[in-house]
Amino acid sequence: MTTTELPFRATTEQTCAWLAAHTGLPWTLARLLEAGLTPYVWLDYDAAHADLFGDANGGYAAPIFFEGDIARLAAGSEDVLITITKDVYRLPATLPAPGFRRALHELRFLKKEVERLPAKLAREAEPPPASAPTPAHATESKLGIDRQQVLAAFAAMVKIDLEAALAGGGGIFGDDGARVKGSARKSKNKALWNPVTLALGLNEVYRVPIPRLKKAFVSHDFLFPWLEKWEQSLQLLGK
């Protein structure tokens, strides 16, 4: 199979065949997902969920990227279950429970992403170059969100001056509280906050409604890596 034979939105079978021809390795749906390819399904316009479609009254290709949905597919499910996707404007959207179900044969993979995968795999197979130790701030950045991200996600929900509260690098709730411990050691401007701890504190101390906080976690891309921990925390607290 040549590159030109791969359609713009390829089926799972077409994608596996193309990659097998270009890598010399066997491919399955589980391996496509493990390699980081994003599957899509076409959603026909549904007036009951008009917010998803915007002006796309014919429908659009919705991505499947939520960890739980991907894990279910990779485990060999008999159909597709989408609980979180992105709307036509590429904004995260949580679907009404229990989510949308589609047949496995409806999965599609984007041609441009498939074509880039062999080169990506080849690069990853190369021995890593010698590098200097990772700076401490690079490690810390994976542990929380910065002041501007906190304000973008939560400032509109509280009556206090959240910017002023964060400006000093304070923990908001106690000495460290929601602040990542040690993140402000060198500079208050480098302080990071755990958004899950922060959101739970905003609910408990300032009575910010849980639905508003839930919406923040599916409305800001920088909060998506924290979504699963947020949902687990709510389950443990029975909220």
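Residues numbered from 1 in each chain as written. Predicted model: local features only at pLDDT ≥ 70, side-chain atom pairs only at ≥ 80, totals over all residues. Heavy atoms only, no water.

Caption draft 1: The pattern of salt bridges, seen in detail. All chains considered together, the criterion is met by three salt bridges. Two residues, aspartate 79 and arginine 72, come together in a salt bridge whose shortest N-O distance is 2.7 Å. (Salt bridge = Lys/Arg side-chain N within 4 Å of Asp/Glu carboxyl O.)

Caption draft 2: Geometry of the nonpolar core. By size, the foremost hydrophobic cluster in this structure holds 31 residues, and its most contacted members are Val150, Phe154, Leu213, Phe217, Leu227 and Trp230. For this core, the elements supplying multiple residues, two or more each, are α7 (147-154), α8 (162-167), α9 (195-206), α10 (210-219) and α11 (227-237). Counting 29 residues, the second-largest nonpolar core is a separate cluster that includes Leu29, Leu33, Leu73 and Ile82. (Core = buried A, V, L, I, M, F, W, Y, C linked by side-chain atoms within 4.5 Å. Buried < 20%, exposed > 50% of the residue type's maximum accessible area, 1.4 Å probe, protein only. Helix = DSSP H or I, 4+ residues; strand = E, 2+ residues; numbered from the N terminus.)

Caption draft 3: Focus on the pairing of strand β2 (residues 39-43). Summarising burial for β2: four of the five residues are buried, a large majority. Here β2 pairs with strand β8 (residues 108-110) via two bridges, running antiparallel. Bridged to proline 39 within β8 is phenylalanine 109. Across four bridges, the pairing between β2 and strand β3 (residues 60-63) is antiparallel. Counted as the bridge partner of leucine 43 is tyrosine 60 from β3. (Pairing = 2+ DSSP bridges.)

Caption draft 4: Summary view of helix α5 (residues 111-125). Between its first and last C-alpha, α5 extends 22 Å over 15 residues, near the 21 Å set by a 1.5 Å rise per residue. Along α5, the residues that are buried comprise Glu113, Val114, Leu117 and Pro118. Among the structural elements, α1 (12-23), β2 and β8 are those in contact with the buried residues of α5. (Expected span 1.5 Å × (residues − 1). Contact = heavy atoms within 4.5 Å.)

Caption draft 5: Representation of the sheet that holds β2 in the model. Pairing in this open sheet of four strands is antiparallel, and the strands run β1-β8-β2-β3 from one edge to the other. Looking at which strands have only one partner, the edges of the open sheet turn out to be β1 (9-10) and β3.

Caption draft 6: Here's a closer look at the packing of α1 against α5. Interhelical geometry of α1 versus α5 gives an angle of 30 degrees and a closest axis separation of 10 Å. As judged from the angle between their axes, α1 and α5 are roughly parallel. As α1 packs across α5, the resulting crossing turns out to be right-handed. Packed against α1, whose contacting residues are Thr15, Trp18, Leu19, His22 and Thr23, the element α5 presents Val114, Glu115, Leu117 and Pro118 at the interface. Its residues assigned to classes, the contact of α1 with α5 shows five nonpolar, three polar and one charged. (Axes fitted to C-alpha atoms, helices over the stretch in contact; angles between N-to-C directions. Parallel < 35°, antiparallel > 145°, perpendicular 65-115°, else oblique. Left-handed = near helix turned anticlockwise from the far one by under 90°. Nonpolar A, V, L, I, M, F, W, Y, C, P; charged D, E, K, R; others polar.)

Caption draft 7: Layout of the environment of valine 88. Checked against the element boundaries, valine 88 lands in the loop between β5 (84-86) and β6 (92-94). For valine 88, a relative accessible area of 27% puts it in the partly exposed group. Valine 88 sits 27 residues away from alanine 61 along the chain, and the two C-alpha atoms are 8.1 Å apart. Sequence-distant contacts of valine 88, that is, excluding residues within four places in its chain, are made with Leu52, Phe53, Gly54, Ala56 and Tyr60.

Caption draft 8: Inspection of the packing of aromatic side chains at higher detail. Throughout the structure, instances matching the rule amount to five aromatic pairs. Between phenylalanine 53 and tyrosine 60 the ring centres are 5.5 Å apart and the planes differ by 80 degrees, which places this aromatic pair in the edge-to-face class. Under the relative-accessibility criterion, tyrosine 60 is labelled buried at 7%. On the basis of an interplanar angle of 50 degrees and a centroid distance of 5.4 Å, the ring pair of phenylalanine 65 and phenylalanine 224 is categorised as tilted. With a gap of 159 residues between them, phenylalanine 65 in the loop between β3 and α4 (67-74) and phenylalanine 224 in the loop between α10 and α11 connect regions that are remote in the sequence. Three or more aromatic residues joined by ring pairs make a cluster, and in this case those are Tyr45, Phe53 and Tyr60. The ring of tryptophan 27 has arginine 31 lying over it, and the distance from NZ or CZ to the ring centre is 4.3 Å. (Phe/Tyr/Trp six-rings, centres within 6.5 Å; stacked < 30°, edge-to-face > 60°. Lys NZ or Arg CZ within 6 Å of the ring centre and 35° of its normal.)

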